[in-house]
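Fold and geometry: a report
Below, each chain spelled out in residue letters.
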Amino acid sequence: MAYFPFYMDVEGMVCLIVGGGKVASRKVFTMLEYGAAVRVIAPEAEEEIAALAEMGRISYEARACAPEDVDGADFVIAATSDEGLNRAISRRCKSLRIPVNVVDVQEECSFIFPALVKDGDIVVGISTGGASPAIARMLKDRVRAAIPEGAGAAAGWMKENREMVKALVDSQPVREEIFYRLAELAMSAGGGLEDGTVKRMIERKLEESHG
Ligand SMILES: C[C@@]1(CC(=O)O)c2cc3[nH]c(cc4nc(cc5[nH]c(cc(n2)[C@H]1CCC(=O)O)[C@@](C)(CC(=O)O)[C@@H]5CCC(=O)O)C(CC(=O)O)=C4CCC(=O)O)c(CCC(=O)O)c3CC(=O)O
Ligand SMILES: NC(=O)C1=CN([C@@H]2O[C@H](COP(=O)(O)OP(=O)(O)OC[C@H]3O[C@@H](n4cnc5c(N)ncnc54)[C@H](O)[C@@H]3O)[C@@H](O)[C@H]2O)C=CC1
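If you're wondering where the values come from, they're calculated on a predicted model, not measured in any experiment. (Residues numbered from 1 in each chain as written. Chains lettered and ligands numbered in written order. Predicted model: local features only at pLDDT ≥ 70, side-chain atom pairs only at ≥ 80, totals over all residues. Heavy atoms only, no water.)

**Some points on the sheet that holds strand 4 (residues 75-78)**
As summarised here, the arrangement of the five strands in space is 3-2-1-4-5, forming an open sheet in which the pairing is parallel. Two strands bound the open sheet, and with one partner strand each, they are strand 3 (59-61) and strand 5 (100-102). Taking each pair of neighbouring strands and ignoring which way they run, the sheet shows an average axis angle of 15 degrees. Pairing geometry for strand 1 (residues 14-18) and strand 4, over four bridges, is parallel. Opposite Val18, over in strand 4, you have Ala78 as the bridge partner. (Pairing = 2+ DSSP bridges. Helix = DSSP H or I, 4+ residues; strand = E, 2+ residues; numbered from the N terminus. Axes fitted to C-alpha atoms, helices over the stretch in contact; angles between N-to-C directions.)

Here's what the structure looks like:
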């Protein structure tokens, strides 16, 4: 069965990453980009993990991790080279209903990572359900190439104008038409439109809909 992609707000959530190698480091950067409060425990860690800790972006404890360390985390990523420890971490997380990712054994995961394309609030996740991370990574490059430049900026601008349009236009079907038209224009402009252009467009649509 394919995995379902929930899009979750992880801002401020405590993300415990156990292990400090290359895979752990990749997951640290990913989680930081989405605003999680990252805590790393590993006896040794890649330079970038130490550097992020020095900058105060993450917390890093240079020590071996025990399964009890997962208590209190909102979700956990086990990325050590010690399979037995990864398994013990997974078991404890599952018994406490803490979502857990084990980077080297999919069966021990309750969630897995997709390959990600991000432009502002636009996020595309590609998963093969573990069948082939290489394929997920390759498709990511194609998806990135298919998203027009400025799409993230256009989405950000739409977000800023959403409430204004809702307040001005009572009818949902008319709003929908306006949102599609604005989205089209903002996407081709690669960002926002001038206030005057938007107001004129809304007035025109309202006149049309009132006959
Ligand atoms: C199940 C999963 C668990 C998880 O980690 O969440 C998992 C498991 C494993 N990956 C392994 C290997 C590789 N992983 C990558 C890369 C990525 N792996 C990622 C996710 C996932 N990897 C989850 C499933 C994703 C899905 O398919 O839906 C990505 C998408 C996201 C990320 O990690 O952040 C990221 C792309 C980042 C990007 O560029 O965007 C590469 C390629 C490379 O590094 O260039 C290789 C070598 C090539 C290959 O093996 O295909 C091995 C060791 C196999 C062995 O021992 O040989 C295991 C363990 C196993 O297979 O059991
Ligand atoms: N999911 C994925 O995308 C991929 C997963 N893998 C798997 O991920 C695992 C980790 O890979 P790398 O980061 O390259 O390994 P690595 O060898 O660079 O790092 C392992 C880390 O585990 C830490 N560690 C060992 N014992 C520990 C303990 N008791 N407590 C806390 N930390 C401990 C070490 O200090 C080190 O930082 C490997 O088992 C590999 O098979 C490999 C490639 C991709």
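**A short note on helix 3 (residues 83-95)**
Each α-helix winds once per 3.6 residues, and so residues spaced three or four apart point in a common direction. The terminal C-alpha atoms of helix 3, which comprises 13 residues, lie 18 Å apart, in line with the 18 Å expected from a rise of 1.5 Å per residue. Every buried residue belonging to helix 3 is among Leu85, Asn86, Ile89, Ser90 and Cys93, and all of these are buried. Buried residues of helix 3, viewed axially, fall in a sector of 140 degrees; they line one side. Pointing more than 90 degrees away from the buried face of helix 3 are the exposed residues Arg91 and Ser95. The backbone nitrogen of Gly84 lies 3.1 Å from a side-chain oxygen of the residue at the head of helix 3, namely Asp82. (Expected span 1.5 Å × (residues − 1). Buried < 20%, exposed > 50% of the residue type's maximum accessible area, 1.4 Å probe, protein only. Arc of directions from axis to C-beta. Polar contact = N/O pair within 3.5 Å; in protein donor to acceptor, adjacent residues only side chain to side chain.)

**Focus on the pattern of salt bridges**
Scanning the entire structure with this criterion turns up 11 salt bridges. Between Glu61 and Arg63 there is a salt bridge, and its shortest N-O distance comes to 2.9 Å. Taking the relative accessible area as the measure of exposure, Glu61 reaches 24% and is therefore partly exposed. Residue classification places Arg63 among the partly exposed residues on the basis of a relative accessible area of 31%. Of the charged contacts in the structure, one is a salt bridge between Glu184 and Arg181, with a shortest N-O distance of 2.6 Å. Pair noted here: Glu184 and Arg181 are both in helix 6 (residues 172-189), with a separation of three residues, about one helical turn. (Salt bridge = Lys/Arg side-chain N within 4 Å of Asp/Glu carboxyl O.)

**Thoughts on the site of ligand 1**
Around ligand 1 there are 19 residues in total, and Lys27, Asn101, Ser127, Thr128 and Arg137 lie nearest to it. Within the side chain of Asn101, one N or O atom sits 2.8 Å away from an oxygen atom of ligand 1. Here an oxygen atom of ligand 1 and a side-chain polar atom of Lys140 are 2.8 Å apart. Starting from 1,100 Å² of accessible surface for ligand 1 in isolation, the protein chains cover 66%. Mapped by element, the contributors of at least two residues to the shell around ligand 1 are helix 1 (22-33) and helix 4 (133-146). With four residues, the top contributor of residues to the shell around ligand 1 is helix 4. Considered class by class, the residues forming the shell around ligand 1 number seven nonpolar, seven polar and five charged. Counting contributing residues per domain, the shell around ligand 1 is built from domain 1 (14-113) and domain 2 (114-147), each supplying no fewer than three. (Near = heavy atom within 4 Å. Areas by Shrake-Rupley, 256 points an atom, 1.4 Å probe, with all protein chains shown as cover. Nonpolar A, V, L, I, M, F, W, Y, C, P; charged D, E, K, R; others polar. Domains from an automatic or database assignment.)

**Some words on the side chain of Lys27**
With respect to the secondary-structure elements, Lys27 resides in helix 1. Despite being buried, Lys27 has no salt bridge partner; Asp104 is the closest side chain of opposite charge, sitting 9.8 Å away. When near neighbours in sequence (up to four residues on either side) are disregarded, Lys27 contacts Ile17, Ile77, Asn101, Val103 and Phe113. (Lys, Arg positive; Asp, Glu negative; His and termini not counted. Contact = heavy atoms within 4.5 Å.)

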